[in-house]
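Report on the structure
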Amino acid sequence: MTPTPPLFLLLLCLMGAQATVDLRTAAAMAAGLCKTRPTDIVFIIDSSRSVRPSEFEQVKVFLAKVIEGLDVGPNATRVGVVNYASRVKNEVSLKTHRTKAGLIKAVTKIEPLSTGTMTGLAITFALNVAFSEGEGARVKSPDISKVAIIVTDGRPQDNIKEVAQRARDAGIEIFAIGVGRVDMSTLKQMASEPLDDHTDYVESYSVIEKLTKKFQEAFCVTDLCATGDHDCAQVCISSPGSYKCACKDGFTLMDDGRSCSACSNSATDVVFLIDGSKSVRPENFELVKKWINQIVDKLDVSEAKAHVGLVQYSSSVRQEFPLGRWNNKKDLKDAVKKMAYMERGTMTGQALRYLSDNSFSPGQGARPGVTKVGIVFTDGRSQDYIGEAAKKAKENGFKMYAVGVGNAVEDELKEIASEPTGEHYFYTADFKAMTQIAKKLQINICQEEDPCECDSLVKFQKKVEDALQALTKKYILFTADSMSKRIALLENKIV
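Described in the following lines is the structure provided in the data block.

Cut-offs used in this document
Residues numbered from 1 in each chain as written. Predicted model: local features only at pLDDT ≥ 70, side-chain atom pairs only at ≥ 80, totals over all residues. Heavy atoms only, no water. Disulfide = S-S within 2.5 Å. Helix = DSSP H or I, 4+ residues; strand = E, 2+ residues; numbered from the N terminus. Phe/Tyr/Trp six-rings, centres within 6.5 Å; stacked < 30°, edge-to-face > 60°. Buried < 20%, exposed > 50% of the residue type's maximum accessible area, 1.4 Å probe, protein only. Pairing = 2+ DSSP bridges. Axes fitted to C-alpha atoms, helices over the stretch in contact; angles between N-to-C directions. Salt bridge = Lys/Arg side-chain N within 4 Å of Asp/Glu carboxyl O. Expected span 1.5 Å × (residues − 1). Arc of directions from axis to C-beta. Parallel < 35°, antiparallel > 145°, perpendicular 65-115°, else oblique. Left-handed = near helix turned anticlockwise from the far one by under 90°. Contact = heavy atoms within 4.5 Å. Nonpolar A, V, L, I, M, F, W, Y, C, P; charged D, E, K, R; others polar.

Considering the state of the cysteines
Enumeration according to the criterion identifies one disulfide in this entry. Between the sulfur atoms of Cys232 and its disulfide mate Cys245 the distance is 1.9 Å. The disulfide joining Cys232 to Cys245 has a torsion of about -80° about its S-S bond and is therefore left-handed. Placement of the pair is Cys232 in the loop between helix 10 (224-227) and strand 9 (235-239) and Cys245 in strand 10 (residues 242-246), with a sequence separation of 13 residues.

Section: the packing of aromatic side chains
Taken as a whole and assessed by the stated rule, the structure comprises five aromatic pairs. For the pair Phe272 and Trp291, a centre-to-centre distance of 6.4 Å together with 80° between the ring planes defines the contact as edge-to-face. Highlighted residues: Phe272 in strand 13 (residues 268-275) and Trp291 in helix 11 (residues 282-298), separated in sequence by 19 residues. Side by side, Phe272 and Trp291 carry an identical accessibility label, which is buried. On the basis of an interplanar angle of 45° and a centroid distance of 4.5 Å, the ring pair of Phe360 and Phe398 is categorised as tilted. Residue Phe360 is located in the loop between helix 13 (348-359) and strand 16 (371-378), and its partner Phe398 is located in the loop between helix 14 (387-395) and strand 17 (399-405); the two are separated by 38 residues in the primary sequence. When sorted by exposure, Phe360 lands in the same class as Phe398, which is buried. An aromatic cluster is defined as three or more aromatic residues linked by ring pairs; in this entry it consists of Phe272, Trp291, Phe377 and Phe431.

A look at the sheet that holds strand 5 (residues 145-152)
Here six strands make up an open sheet; going across it, the order is 4-3-2-5-6-7 and the pairing mixed. Two strands lie at the open edges of the sheet, namely strand 4 (88-92) and strand 7 (199-202), each paired on one side alone. Neighbour-to-neighbour, the strand axes of this sheet turn through a mean angle of 20°, independent of strand direction. Pairing of strand 6 (residues 173-179) with strand 7, which is carried by four bridges, proceeds in the parallel orientation. If you follow Val179 over to strand 7, its bridge partner there is Val202.

Points about the pattern of salt bridges
Taken as a whole and assessed by the stated rule, the structure comprises 18 salt bridges. One salt bridge in this structure joins Asp183 and Arg155, with 3.5 Å as the shortest N-O distance. With Asp183 in the loop between strand 6 and helix 7 (184-190) and Arg155 in the loop between strand 5 and helix 6 (161-169), this pair connects stretches of sequence that are 28 residues apart. On the basis of relative accessibility, which here comes to 58%, the residue Arg155 falls in the exposed class. In this structure, Lys305 and Asp300 form a salt bridge, with 3.2 Å as the shortest nitrogen-oxygen distance. Through salt bridges that share partners, Asp40, Arg138 and Lys146 make up one connected network.

Brief notes about helix 3 (residues 53-68)
For helix 3, built from 16 residues, the straight-helix expectation of 22 Å at 1.5 Å per residue is met to within 8% by its first-to-last C-alpha distance of 23 Å. Within helix 3, burial applies to Glu55, Phe56, Val59, Lys60, Phe62, Leu63, Ala64, Val66 and Ile67.

Examining helix 13
Considered for burial, the residues of helix 13 that qualify are Thr348, Gly349, Ala351, Leu352, Leu355, Ser356 and Ser359. Down the axis, helix 13 shows its buried residues gathered within 165° of arc, on one side only.

Overview of the pairing of strand 4
Of the pairings in the sheet, the one linking strand 3 (residues 77-84) to strand 4 comprises four bridges and is antiparallel in character. Bridge assignment links Asn83 to a residue of strand 4, and that residue is Lys89. Hairpin connection, strand 3 to strand 4: the antiparallel pair is bridged by three residues.

Points about the packing of helix 11 against helix 12 (residues 329-337)
Between helix 11 and helix 12, whose axes approach to 9 Å, the crossing angle comes to 165°. Regarding the angle of helix 11 to helix 12, the classification is roughly antiparallel. Helix 11 and helix 12 meet at a crossing whose hand is right-handed. Contacts from Lys289, Ile292, Asn293, Val296 and Asp297 of helix 11 reach helix 12 at Lys329, Leu332, Lys333, Val336 and Lys337. Among the residues making up the contact of helix 11 with helix 12, the classes are represented as four nonpolar, one polar and five charged.

Given below as structure tokens:
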């Protein structure tokens, strides 16, 4: 029998979570950072004569504890409970209880029916009544899930196959939990596809409570802003199971929906210099390409603004495409994805010389008077000397970023990076963590103001202010008339 985790994992997806439940989810629950996405949930519980009163009490405890972890409310999660044996009783309608406390209290009062096991009849009732708008179910919508969780311990005395199919066709996700002597084939007839993910089993009602924590985690949608699991450059605004980014005053949200820029009119030439040596390995090289496109997403790629070029190196240097060849993000990212892995040595010094001598030349698409940014990626120690080439790139006025992974040498990264070094070099031991570097690497280049005559005017004003302060301290006892004369003399001297 399939173990518990598949049910738990699929429920997680059902509730709109964006990642598997892990330690971060548990920590988020402990910190009260979890919410539940709007869902109509109906529990269908077997109370036939094979379920002893004490066992039925354990089912109710299980339901109550699961409900305790939900965000119950008219606009959040609504819960209904259908009790069945030879007949069906609608114990709790989706519209009945608007608070968690009231709902749990109603569950504790449910009594077993103690007759036969008409599971097909119960599913029919849920389809036609419990999930109807008259009983509080919401209109079918991509934003609202409909979930039926059936708990049973026996073989049904009626047909379930056809009615279960009708319920699934109506958009109801059916999860079947079997207990003890349950007939496993009937669970599979009820459950949605894939069957392994929609069925679960416990040996007895005494251990059904062990599913509680897993259901709570499954229904937990973490506040991604609160946990920091987002890629917003400045401001994160939380929503159930998701988030959106915003910017501080004075900044503009970029087209990627994450980055912020105070320099909407800036033009930038950006060249990626990518290590394609054999130590990178093919699977990691694919991660590098995704990382490049993450950064591309943050740029304002257009004819007038950001232009991007790509160079790969190993024992030799190969230009993948020059600056300005692609002036929209789609074509640019497609070209990055097509880059073939070179898989040889690591001649970083040679690659830096190519960058200085060729990549930012007018013949390769570089624009005069536009800020030049070089982003160097490597995963190991260079096999040649990088010092002179790194120095030349910075002397040419290029803004250099250095990114290292795995066996990259941090001293080499610092030698490549522009000042202040701490803002221009990045290192991680794991290729899978490169996403975090892409979030941190900001290329918001502002055009400098023309100094013109304003600069000398500011300097003159500063000299006058400094002289006035010194004069005030020295001649504080002088009369206002005497002070005015001395200020006039001083201004004449400065001019």
